Amino acid sequence: MTRRSDSKHAGVRAITSLQNDRIKAIRALDMRKARRESGQFVAEGTSVLVTARDAGWPPATLLFLAGSLKNGVGRDLLDWAEHAGAECLEVSAAVLAKVAVKDNPQSVLAVFNQRWAASPDPEKLPPEAVWVVLEAIRDPGNLGTIIRTADAVDAQGVILVGNSADPYSREAVRASMGSIFNVPIARMQLEEFSSWASRWRGDVVGTHLKATDDFRKPCRLPGLLVMGSEGPGLSPEAAGACTRLVKIPMAGRIDSLNIAVATALVLYEMRKGKLSL
Ligand SMILES: C[S@@+](CC[C@H](N)C(=O)[O-])C[C@H]1O[C@@H](n2cnc3c(N)ncnc32)[C@H](O)[C@@H]1O
């Protein structure tokens with residue numbers, strides 16, 4: 001059933017039917033094909049939506065548990081969505097359960113239009129800039145965690161090279177903890193990468209398990225950090241585009257670090273001149 005909500009917010013529509021087409025369409029955004037076709041994605045939770053608002057991302061749709069946005073920040077979010085002209089849907093607990101994540105579901109979520117940044121012009125970068133390149137990253141949780149770390153060190157953005165996990169999947173958005181709204185995401189094919197990277201003015205730092213250079217040696221900025229895929233690591237083509245290959249020393253028996261952990265270690269090293277408490 002769909003009816004006009006009796007909420008004071010005139011633009012809010014109440015939905016209680018699990019068969020409602022809008023609910024089905026939002027649920028479908030769990031699938032990559034639907035995200036690609038619609039150019040939209042879902043983000044959940046009050047603090048993530050506050051980040052979206054503060055970063056200037058108007059929602060296309062705001063969906064919330066009936067009665068949950070009456071006061072405080074929740075009410076502010078509803079005002080924000082209405083002001084942005086978003087579709088506002090007030091739903092029953094059963095409907096929310098259909099569209100929210102299963103573990104730790106939130107009472108509010110929103111649908112946004114995806115944004116893809118242009119790759120930066122290597123000749124027009126601020127001198128201190130750091131960008132992160134991820135070659136064929138597979139795991140959306142790792143991708144979201146890296147986007148969060150890029151935000152933490154104020155990197156300029158993340159470039160996805162080749163076939164990669166979708167940064168707008170729920171898992172990636174969730175792992176980014178809202179940083180998906182702060183960090184520009186660009187994409188590029190591997191074929192373009194070498195010629196583009198050859199115009200980079202500072203170090204192009206590839207991380208490689210066979211490297212003999214320690215990642216703690218100083219990096220010439222602007223810096224481009226290039227990370228390999230979880231499975232095969234850095235391809236020979238991507239490694240060939242790097243001006244340096246570095247390794248993070250390991251003393252135990254494992255042969256590599258998780259990619260998000262490795263990215264964090266090198267990023268903090270590259271940005272250490274800019275990070276203080
Ligand atoms: C899980 S590792 C891939 C391991 C892969 N089997 C290989 O041979 O490279 C994923 C990525 O994390 C980075 N990485 C992980 N551990 C690293 C280390 N100790 N030093 C440098 N990079 C590392 C590299 O970018 C690597 O391609």
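This section reports on the structure supplied with the text. (Residues numbered from 1 in each chain as written. Predicted model: local features only at pLDDT ≥ 70, side-chain atom pairs only at ≥ 80, totals over all residues. Heavy atoms only, no water.)

## Quick look at the overall build of the protein
For step 1, the next point in the chain: Looking only at helices and strands, one finds ten helices and 13 strands in the protein.
For step 2, the next point in the chain: Of the accessible surface of the protein, which amounts to about 13400 Å², a share of 52% is contributed by carbon and sulfur atoms. (Helix = DSSP H or I, 4+ residues; strand = E, 2+ residues; numbered from the N terminus. Areas by Shrake-Rupley, 256 points an atom, 1.4 Å probe, with all protein chains shown as cover.)

## Here's the deal with the packing of aromatic side chains
For step 1, the next point in the chain: According to the stated counting rule, one finds ten aromatic pairs in the structure shown.
For step 2, the next point in the chain: Feature note: the residues Phe41, Trp57, Phe112, Trp116, Tyr168 and Phe181 constitute an aromatic cluster, connected by ring pairs.
For step 3, the next point in the chain: In this structure, Arg115 is placed above the aromatic ring of Trp57, and the distance from its NZ or CZ to the ring centre is 4.1 Å.
For step 4, the next point in the chain: Positioned over the ring face of Trp116 is Arg187, at 3.6 Å from the centre of the ring. (Phe/Tyr/Trp six-rings, centres within 6.5 Å; stacked < 30°, edge-to-face > 60°. Lys NZ or Arg CZ within 6 Å of the ring centre and 35° of its normal.)

## A short note on unusual backbone geometry
For step 1, the next point in the chain: Following Leu221, the chain continues into Pro222 via a peptide bond in cis, with omega recorded as 0°.
For step 2, the next point in the chain: On the secondary structure map, Pro222 appears in the loop between strand S11 (213-214) and strand S12 (223-227).
For step 3, the next point in the chain: Residue Ala136 is not a glycine yet carries a positive backbone phi of 45°.
For step 4, the next point in the chain: Tracing the chain through its elements places Ala136 in the loop between strand S7 (130-135) and helix H6 (140-152).
For step 5, the next point in the chain: Not every positive phi belongs to a glycine, and Met177 is a case in point at roughly 55°.

## Overview of the site of the ligand
For step 1, the next point in the chain: The ligand sits among 18 residues. The nearest are Thr207, Gly228, Gly231, Ile248 and Leu257.
For step 2, the next point in the chain: At 2.9 Å from an oxygen atom of the ligand is found a main-chain nitrogen or oxygen belonging to Gly228.
For step 3, the next point in the chain: Take Gly231: an N or O atom from its main chain is 3.0 Å from a nitrogen atom of the ligand.
For step 4, the next point in the chain: When the ligand is considered free in solution it has 560 Å² of accessible area, and contact with the protein chains removes 86% of it.
For step 5, the next point in the chain: When residues of the shell around the ligand are traced back to their parent elements, those giving at least two are strand S13 (244-247) and helix H10 (259-270).
For step 6, the next point in the chain: Split by residue class, the shell around the ligand holds nine nonpolar, seven polar and two charged. (Near = heavy atom within 4 Å. Polar contact = N/O pair within 3.5 Å; in protein donor to acceptor, adjacent residues only side chain to side chain. Nonpolar A, V, L, I, M, F, W, Y, C, P; charged D, E, K, R; others polar.)

## Some details on the side chain of Arg271
For step 1, the next point in the chain: Turning to its location among the elements, Arg271 is positioned in the segment after H10.
For step 2, the next point in the chain: The buried charged residue Arg271 lacks any salt bridge partner; its closest oppositely charged side chain belongs to Asp154, at an N-O distance of 4.3 Å.
For step 3, the next point in the chain: Within the structure, the side chain of Arg271 is placed 2.7 Å from the backbone oxygen of Val153, a separation counted as a polar contact.
For step 4, the next point in the chain: Setting aside chain neighbours within four positions, we find Arg271 in contact with Glu128, Val130, Val153 and Asp154. (Buried < 20%, exposed > 50% of the residue type's maximum accessible area, 1.4 Å probe, protein only. Lys, Arg positive; Asp, Glu negative; His and termini not counted. Salt bridge = Lys/Arg side-chain N within 4 Å of Asp/Glu carboxyl O. Contact = heavy atoms within 4.5 Å.)

## Topic: the environment of Thr149
For step 1, the next point in the chain: Within the fold, Thr149 resides in helix H6.
For step 2, the next point in the chain: A relative accessible area of 12% means that Thr149 is categorised as buried.
For step 3, the next point in the chain: Once the C-alpha coordinates of Thr149 and Ser179 are considered, the two residues, 30 residues apart in sequence, prove to be 8.5 Å apart.
For step 4, the next point in the chain: Not counting the four nearest positions on each side in its chain, Thr149 is found in contact with Ala264, Leu267 and Tyr268.

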